[in-house]
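Take a look at the letters that make up each chain.
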Amino acid sequence: MELIVTEKDNAARRIADILSDGSAGTDRRNGVNVYRWDGGGTVCVGLSGHVVGVDFPPEYDDWRDVQPVELLEADIEKRATQENIVRTLQSLAREADRAVIATDYDREGELIGKEAYELIEEAAAIPIERVRFSSITEREVTEAFANPDELDFDLAAAGEARQIIDLLWGAALTRFLSLSAGQLGEDFISVGRVQSPTLKLIVDREREIQAFDPDDYWELFTTLRADGVDFEGQYFYEDEGTENERVWNEADADDAHARLTSADRATVTGVRRRTRSDDPPAPFNTTQFISAASSLGYGAGRAMSIAEELYTAGYITYPRTDNTVYPEDLNPEALLATLADTGAFGEDAASLLDDGEVEPTRGDTETTDHPPIHPTGEVPGRADLGDDEWAVYELVVRRFLATCAEPAEWEYLRVTAEANDCQLKANGKRLLDPGYLAVYPYVSSDETLVPDVDEGSELALADTRLEAKQTQPPRRRGQSRLIEELEARGVGTKSTRHNTIEKLYDRGYIENDPPRPTRLAMAVVEAAEAFAEQVVDEEMTRQLEQDMTAIADGEATLDDVTDESRAMLGRVFDELHDSREAVGEQLREALKDDKRLGPCPECGETLIVRRSRRGSYFVGCEGFPECENTYQLPSNGEPTVMTDSCEEHGLRHVKMLAGRSTFVHGCPVCKAEAAAAHEDEVIGDCPGCGEAHGGDLAVKQLQSGSRLVGCTRYPDCDYSLPLPRRGDIEVLEERCPEHDLPDLVVHDGDDDPWELGCPICNYEEFQERRATRDLDDLDGVGEKTAAKLAEADIESLSDLEAADPEGVADRVSGVSADRVRDWQDQVEGAS
DNA sequence: GCAAGGTC
């Protein structure tokens, strides 16, 4: 029997399909898909990326028992991280008489291949070959299998060196900083070769913003008119041969303003017209896809998770790729013809075919990993996808269409004029031929109208505006700009950059969007700059890339490179040794800063977020025990202190992080004052007390900001029904015939009022809805996944909540236990 | 409970 091993299940299925000519059957072993054909003579199994990982021996597990520097001398072991897959691979290997490694054609793929190689070798003494192909098409795959090669152990060793260096630096320095600051729980302080330079990029920009000193300047605009058309003219002047719009001196600006205001005509001094072509974009790699999706309002992580779903469903190609050149195998005419038969893109695709020969654009990067992201021949209908999935799918299709289209042609018209010794200019643009813009509406095709005028003609001039402005600090980069920057600097990979940014959010290093660094992040970067400069410097990645190339080329060994790296890290620890106290103090102070709100209204000391002995959060005064002032916080979520603050109390707002149900609590003093001013309004009898006690139900507002309908005998009776956190609650005259309670209405800003109705009926409905809400409300569950889950009797969110993750993973192909746990977290977050 | 890299 021949055993074929691929990097992922999806690739295994497609390769089995090609090599078996569609005859392969599927069975499952330990919850892993195995594809079999040739009467069982050939089997194909997919890994899930790395199925083994590097780590220190267990005796190094306790952070307090081990000096971080001791990790430098520790052995590094490989251990199975995906035991089901390892077991399946090894049992198949024992049945096989030869094996073929068909993992992805890149460095990490070679290492994953070597991991499979060693696992097979451990189980059976059989020959093992390697095949390489850069896209899973019939021609490439059959050709690769007809000419098998050997595994490239040097290339795999380059990847292993990276693993070892990343683990050593990351673990040792993370432990050192965490220990020095006394942060040992889940709030440890992490650093790493990729995350720390990424964080420094954000911190450096913040430093520029903080150091920025704005300058005043003025700009002047006026309305010009010719042939009954109004257009905008902007004042400019020439200084040493360059054209300037900004006037840096107020007296000069006032002078120009006076001269333009006193003029009512301008004479055209120049007309320049030129046409320029605007080339269609290159095919999508991961970074450009994330960037385009961001202009549709999707964050990097969300865009990638939708793309993965579309890929798993078979609608688009693999979404993690650096390649921006379509492979030879891709026949754009054939794909356009397929799309031309569909409703949504039919006309656009057909129009491109009508234009004659199709020559797709090429980007700068041609790699062997995967083709650029493009639609496959399987086209979903609009009803097969949710709104977000469709929007992203349409983006991928339209990008493909755009790459097959002609350039757009623009005409630019520049008119200059003179009025009372002042020069004015107007720039117009007109779309002569839309070209690719006709199929790619994500790029603006807005025109600016400037009428056709002749040199020497007269324009009417009116409405001169003098605008006082200030130079602006550099902007914070948004997630997609950061990812583009990381790619340009060679930091991280196509598969990890978006995760790195999410990790920075999770670790409390950045907040908001565009991300800004916390005080902790500033302190971590400062500490690293002072003592372990390499770990925040992207130069470390560049050096590592060079070293890996040397290993891959046989010019250095894994030991040469890792020994040198160990020595360098050893020198970092020599420096750090004496500074442990100072570093710890700096980090602890920054951590506190991130929790400080502002002055205590009682004593003038500082209010800070604290945690009670029972684990709940509250706001207390740093003047404790002299000042015992405290404020409650909501019970759900982790509090973080935001940068914007309450004008009345000068206190920073508090946000409660609770996954999808994250919300802004605001100023705790305002909330406490509102609760104190609120009078409980009795609306009926309490059904919880029974007749004996005769408690009443009232609309209550708590200090924590929560609102509820609860019993007036609280805490003796704790009957309560939840109410929304936002908006004004109005109690109506109408009463519920069943519960004898009044209907409630919530007024929230400009939106239509929200009719809650009777609070008991409303609560019952809410629970009902929650129990039956559709599964595909969840991130990462499309219709196909929902259908597969239904076969395992999981049809609602409450079914999912009650399910055993391991059991689901065993029964449903393509769904892991971790994935199920993610979904369960989402359900919990939403309730 | 550390990293980064695969994958889901």
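Residues numbered from 1 in each chain as written. Chains lettered and ligands numbered in written order. Predicted model: local features only at pLDDT ≥ 70, side-chain atom pairs only at ≥ 80, totals over all residues. Heavy atoms only, no water.

### Things to note about the overall build of chain A
The helix and strand tally for chain A stands at 26 helices and 31 strands. When the 831 residues of chain A are sorted by exposure, 47% land in the buried category. Accessible area of chain A: about 40,400 Å², with a carbon and sulfur share of 42%. (Helix = DSSP H or I, 4+ residues; strand = E, 2+ residues; numbered from the N terminus. Buried < 20%, exposed > 50% of the residue type's maximum accessible area, 1.4 Å probe, protein only. Areas by Shrake-Rupley, 256 points an atom, 1.4 Å probe, with all protein chains shown as cover.)

### Focus: the UniProt feature "active site" (unreviewed entry) in chain A
The UniProt record annotates "active site" (unreviewed entry) at Tyr318. Mapped onto the fold, Tyr318 is located in the loop between α9 (300-312) and α10 (332-340). For Tyr318, a relative accessible area of 11% puts it in the buried group. For Tyr318, the residues in contact, after removing those within four places along its chain, are Lys8, Tyr311, His370 and Ile373. (UniProt positions renumbered as here; feature names shortened; annotations may be inferred. Contact = heavy atoms within 4.5 Å.)

### A short note on the protein's contact with DNA strand B
Taken together, 41 residues sit near DNA strand B, with His50, Arg175, Leu184, Phe188 and Tyr318 positioned nearest. At the protein interface, 61% of the atoms of DNA strand B within 4 Å belong to sugar or phosphate. Arg193 is positioned with one of its side-chain polar atoms (N or O) 3.1 Å from a sugar or linking oxygen of DNA strand B. One of the side-chain N or O atoms of Arg320 is found 2.9 Å from a phosphate oxygen in DNA strand B. Of all the secondary structure elements, the ones that give two or more residues to the surface near DNA strand B are β5 (52-55) and α5 (153-181). When its residues are assigned to classes, the surface near DNA strand B shows 10 nonpolar, 15 polar and 16 charged. (Near = heavy atom within 4 Å. Polar contact = N/O pair within 3.5 Å; in protein donor to acceptor, adjacent residues only side chain to side chain. Nonpolar A, V, L, I, M, F, W, Y, C, P; charged D, E, K, R; others polar.)

### Re the pattern of salt bridges
For the structure on display, the rule yields 61 salt bridges. Residue Arg139 is joined to Glu143 by a salt bridge in which the shortest nitrogen-to-oxygen separation is 3.5 Å. Of this pair, Arg139 and Glu143 both sit in helix α4 (residues 138-146), four residues apart, roughly one helical turn. With relative accessibility at 47%, the residue Glu143 sits in the partly exposed group. Two residues, Asp563 and Arg566, come together in a salt bridge whose shortest N-O distance is 4.0 Å. On the criterion of helical spacing, the pair formed by Asp563 and Arg566 is a turn pair, its members being three residues apart in helix α18 (residues 558-577). (Salt bridge = Lys/Arg side-chain N within 4 Å of Asp/Glu carboxyl O.)

### Brief notes about the side chain of Asn33
Relative to the helices and strands, Asn33 resides in strand β3 (residues 32-37). Relative accessible area serves as the criterion here: at 9%, Asn33 is assigned to the buried category. Polar contacts involving the side chain of Asn33 include one to the side chain of Asp9, which spans 3.3 Å. Engagement of the side chain of Asn33 in a polar contact is seen with the side chain of Arg28, the distance being 2.8 Å.

### Quick word on helix α1 (residues 9-19)
All of the buried residues in α1 are Asn10, Ala11, Ala12, Ile15, Ala16 and Ile18. Of the surrounding secondary structure, the elements contacted by the buried residues of α1 are β1 (2-6), β3, β4 (42-46), α4 and α9. Following α1 by one or two positions, Asp21 has its phi on the positive side, about 60°.

### Quick look at the packing of aromatic side chains
This structure, assessed with the given rule, holds 14 aromatic pairs. Pairing Tyr326 with Phe400 gives two aromatic rings, centres 5.9 Å apart and planes at 70°, and the pair type is edge-to-face. Of this pair, Tyr326 sits in the loop between α9 and α10 while Phe400 is found in helix α12 (residues 387-403), placing the two residues 74 residues apart along the sequence. Here the aromatic rings of Phe345 and Trp390 are separated by 5.7 Å at their centres, their planes lie at 15°, and the arrangement is stacked. Placement of Phe345 in the loop between α10 and α11 (346-354) and of Trp390 in helix α12 is noted, with a sequence separation of 45 residues between them. Across the pair, Trp390 and Phe345 agree in class, each one buried. Taken together, the ring pairs in this structure connect Tyr315, Phe345, Trp390 and Tyr393 into an aromatic cluster. Just above the ring of Phe236 sits the side chain of Arg414; from NZ or CZ to the centre is 5.9 Å. (Phe/Tyr/Trp six-rings, centres within 6.5 Å; stacked < 30°, edge-to-face > 60°. Lys NZ or Arg CZ within 6 Å of the ring centre and 35° of its normal.)

### So, α10
Among all positions in α10, only Pro332, Leu335, Leu336 and Leu339 are buried. Viewed along the axis of α10, the buried residues span an arc of 100°, placing them on a single side of the element. Residues of α10 that are buried in the fold lie against α11 and α12. The opening residue of α10 is Asn331, an N-cap whose side-chain oxygen sits 3.1 Å from the backbone nitrogen of Glu333. (Arc of directions from axis to C-beta.)

### A look at unusual backbone geometry
In this chain, Asp513 is followed by Pro514 through a cis amide linkage whose omega measures 5°. By the secondary structure assignment, Pro514 is in the loop between β16 (510-511) and β17 (516-517). Of note, the bond from Phe624 into Pro625 is cis; its omega dihedral lies within 30 degrees of zero at 5°. Mapped onto the elements of the fold, Pro625 is located in the loop between β20 (617-621) and β21 (630-632). The backbone of Asp21 shows a phi angle near 60°, a positive value even though the residue is not glycine. Note that Asp21 resides in the loop between α1 and β2 (25-29). Among the residues examined, Asp21 registers a relative accessible area of 70% and is labelled exposed.

### A closer look at the sheet that holds strand β22 (residues 638-645)
One open sheet holds the three strands; their spatial order is β22-β23-β24, and the pairing between them is antiparallel. Both outer strands of the open sheet, β22 and β24 (663-666), are each paired with one neighbouring strand and no more. Going across the sheet, the axis of each strand differs from the next one's by a mean of 35°, ignoring polarity. Here strand β23 (residues 652-657) runs beside β24; their pairing, made up of three bridges, is antiparallel. The residue of β24 that forms the bridge with Val654 is Gly666. (Pairing = 2+ DSSP bridges. Axes fitted to C-alpha atoms, helices over the stretch in contact; angles between N-to-C directions.)

### A few points about a negative patch on the surface
Together, Asp213, Asp215, Asp216, Glu250 and Asp254 give the surface a local cluster of negative charge. By relative accessible area, Asp254 is classed as partly exposed at 38%. (Patch = residues over 30% accessible without salt bridge, like charges linked within 9 Å, V, L, I, M, F, W, Y side chains within 5 Å. Lys, Arg positive; Asp, Glu negative; His and termini not counted. Charge placed at Lys NZ, Arg CZ, Asp CG, Glu CD.)

### A short note on the packing of α10 against α11
The N-to-C vectors of α10 and α11 enclose an angle of 145°; their axes lie 7 Å apart at closest approach. At the point where α10 passes α11, the crossing takes the left-handed sense. On α11, the residues touching Glu333, Leu336, Ala337, Leu339 and Ala340 of α10 are Gly346, Ala349, Ala350, Leu352 and Leu353. A breakdown of the residues in the contact of α10 with α11 according to their chemical character gives eight nonpolar, one polar and one charged. (Left-handed = near helix turned anticlockwise from the far one by under 90°.)

### A word on the packing of helix α15 (residues 519-531) against helix α19 (residues 580-593)
At their nearest, the axes of α15 and α19 sit 7 Å apart, and the two run at 165° to each other. Our classification of the angle between α15 and α19 gives roughly antiparallel. Once α15 is placed against α19, the crossing between them reads as right-handed. Note on element contacts: α19 touches α15 through Val583, Gln586, Leu587, Ala590, Leu591 and Asp593, opposite Arg519, Leu520, Ala523, Val524, Glu526, Ala527 and Phe531. Class assignment of the residues belonging to the contact of α15 with α19 gives a composition of nine nonpolar, one polar and three charged. (Parallel < 35°, antiparallel > 145°, perpendicular 65-115°, else oblique.)

### A look at the pairing of β4
In terms of burial, β4 is a largely internal element, five of the five residues being buried. Burial of the side chains of β4 extends over both faces: Thr42, Cys44 and Gly46 are buried on one face and Val43 and Val45 on the other. When β3 meets β4, the two strands line up antiparallel, connected through four bridges. Residue pairing across strands places Trp37 opposite Thr42, the latter belonging to β4. Hairpin geometry of β3 and β4 is characterised by an intervening segment of four residues between the two adjacent antiparallel strands and by a positive phi of about 60° at Asp38.

### Description of the nonpolar core
Counting residues in hydrophobic clusters, the biggest one holds 108 residues, and the most contacted among them are Leu173, Phe289 and Tyr393. Sort the elements by how many residues they give to this core and α5 lands first, with 14 residues. Ignoring any residue separated from it by four or fewer positions in sequence, one finds Tyr393 in contact with Leu310, Tyr315, Ile316, Leu339, Phe345, Pro375, Glu378, Val379, Pro380 and Leu385. In terms of nonpolar packing, the next biggest core, distinct from the first, is built from 28 residues, Ile85, Leu92, Ile128 and Leu151 among them. (Core = buried A, V, L, I, M, F, W, Y, C linked by side-chain atoms within 4.5 Å.)

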